[in-house]
Amino acid sequence: MSIRELLRDNIRSLEPYSSARDDFSGTASVFLDANENWQDFVDFDNINRYPDPHSSAVKRAVSEVFGYDERMVSIGNGSDELIDIMYRLFCTPGRDSVLIMPPTYGEYKVLASINDVDVHTVVQNSDFSLNVEAIKKALDECSPKLMFICSPNNPTGVSVPFEVIRELTEYNRGITVVDEAYLDFSSNRSAVDLIAGNERVVVLRTLSKAWALAGGRIGISVTSPEIADLIYMVKYPYNVPLLSQAYAAAALSRADRVRKEVALTVAERERVKKLLEETEGVHTVFSSDANFLLVRMNKAHEVFLELRKRGIIVRDRSREVLCDSCLRITIGSREENDLLVSAVREVLGGV
Ligand code: PMP
């Protein structure tokens, strides 16, 4: 199916809002077109002005750093906004459905509920690989508008091999959203390479993880230029704040430092993995391609509560399918990780 056929009917005929900054984008000395205040009370350059609706400087920097064609890049208020935009572009409430493979990132399902869209699920295999045959069957039976593949996956840290992603995106007649929020921590090939041959592939990245900008809310989508234009049409006109755009450009200009830090985080992840594996009461520390570890241990919920009492907060994933007795632990600084490991050892010794 073409992108146009996959769109919601109302989006196909949408007359988009045109902001003041869309109507005029050249240079001028007097701006009286956007009902802004001419004064700046807090002394931050241009904070009295609306931000660039295109996030052009961020887009340019993203394209340079990651080697993308700029026409394929969109900047969202976090990748969460871009996930929501996928629903709003392609899923008619009360009629369409999506396919997810649990355990995976919870927002896919929550945003489906908010948008009144049905969710079909194909649970992963017990080693957290995808059940490809069952997914194909679900695609045949349910014809979902969107399929979400999270790689490396949250909360497992497991990557989906590139060839499996290729096979599934080719099989899926709807849109495949490949969420690569944690790809910076792995050496896997990005699904961006599939877009040229398949316009129904949407890849999401974020500056919230490796780029240490979670507070800035900078999400990135890489799509065909046609989908990028559609995203621009439905997003809020000024979706990325001025300060966030400035911080994103600054972070992207420090790519060398970020890459070095990513390598250190990866090494630290492996160190913590080993320490936890040597801990009595820990059953499995799953191999991770991300900046966290999923750890199966005795009495995970009690351990979670005890850690919380000591001021150490991890994520209890015990109630997620296939994740019984599992905590998800983010890799922090070396000191934080050492505190975590000794606390886990103490608590597991006592519970
Ligand atoms: N995708 C995945 C897999 C995530 O884990 C998260 C955040 N936890 C997001 C997307 C959202 O990230 P952002 O901060 O860019 O909205």
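This report concerns the structure included in the present document. (Residues numbered from 1 in each chain as written. Predicted model: local features only at pLDDT ≥ 70, side-chain atom pairs only at ≥ 80, totals over all residues. Heavy atoms only, no water.)

For the rest of this paragraph, the subject is the overall build of the chain. Counting its secondary structure elements, the chain contains 13 helices and 11 strands. Counting all 351 residues of the chain, 51% fall into the buried class. Sequence separation of 24 or more characterises 69% of the internal contacts of the chain that already satisfy a separation of 6 or more. For the chain, the exposed area adds up to about 16,900 Å²; of that, 49% sits on carbon and sulfur atoms. Looking at charge distribution, the chain has the averaged site of its 41 positive side-chain charges lying 3 Å from that of its 52 negative ones. (Helix = DSSP H or I, 4+ residues; strand = E, 2+ residues; numbered from the N terminus. Buried < 20%, exposed > 50% of the residue type's maximum accessible area, 1.4 Å probe, protein only. Contact = heavy atoms within 4.5 Å. Areas by Shrake-Rupley, 256 points an atom, 1.4 Å probe, with all protein chains shown as cover. Lys, Arg positive; Asp, Glu negative; His and termini not counted. Charge placed at Lys NZ, Arg CZ, Asp CG, Glu CD.)

With that settled, consider the sheet that holds strand β11 (residues 326-330). Strands in a sheet are paired, the pairing made by backbone hydrogen bonds, and the direction either parallel or antiparallel. Taken in spatial order, the four strands line up as β8-β9-β11-β10 in an open sheet, and their pairing is antiparallel. One side of each edge strand has no neighbouring strand; the edge strands of this open sheet are β8 (282-285) and β10 (315-316). Sheet topology places β8 next to strand β9 (residues 292-297); three bridges connect them, and they run antiparallel. Pairing of Thr 284 across the sheet is with Arg 296, part of β9. Packing against the sheet, helix α12 (residues 300-309) makes contact with β9, β10 and β11, and its axis sits at approximately 40° to β11. (Pairing = 2+ DSSP bridges. Axes fitted to C-alpha atoms, helices over the stretch in contact; angles between N-to-C directions.)

Within this structure, the stated rule accounts for one cavity of 30 Å³ or more. A volume near 40 Å³ is recorded for the largest cavity. For the lining of the largest cavity, the residue count by class is six nonpolar, two polar and two charged. (1 Å grid on protein atoms, 1.4 Å probe; cavity = no way out; pocket = protein on both sides within 12 Å on 5 of 7 lines; lining within 4 Å. Points joined across faces, edges and corners; volume = space filled by probe spheres on them. Nonpolar A, V, L, I, M, F, W, Y, C, P; charged D, E, K, R; others polar.)

Each aromatic ring pair is characterised by the separation of its centres together with the angle its planes make. Applying the stated criterion to the full structure yields nine aromatic pairs. Ring pairing ties together the aromatic residues Tyr 87, Tyr 105, Tyr 108 and Phe 148, which thus form one cluster. The positively charged end of Arg 328 is found above the aromatic ring belonging to Phe 292, 5.7 Å away from the centroid. (Phe/Tyr/Trp six-rings, centres within 6.5 Å; stacked < 30°, edge-to-face > 60°. Lys NZ or Arg CZ within 6 Å of the ring centre and 35° of its normal.)

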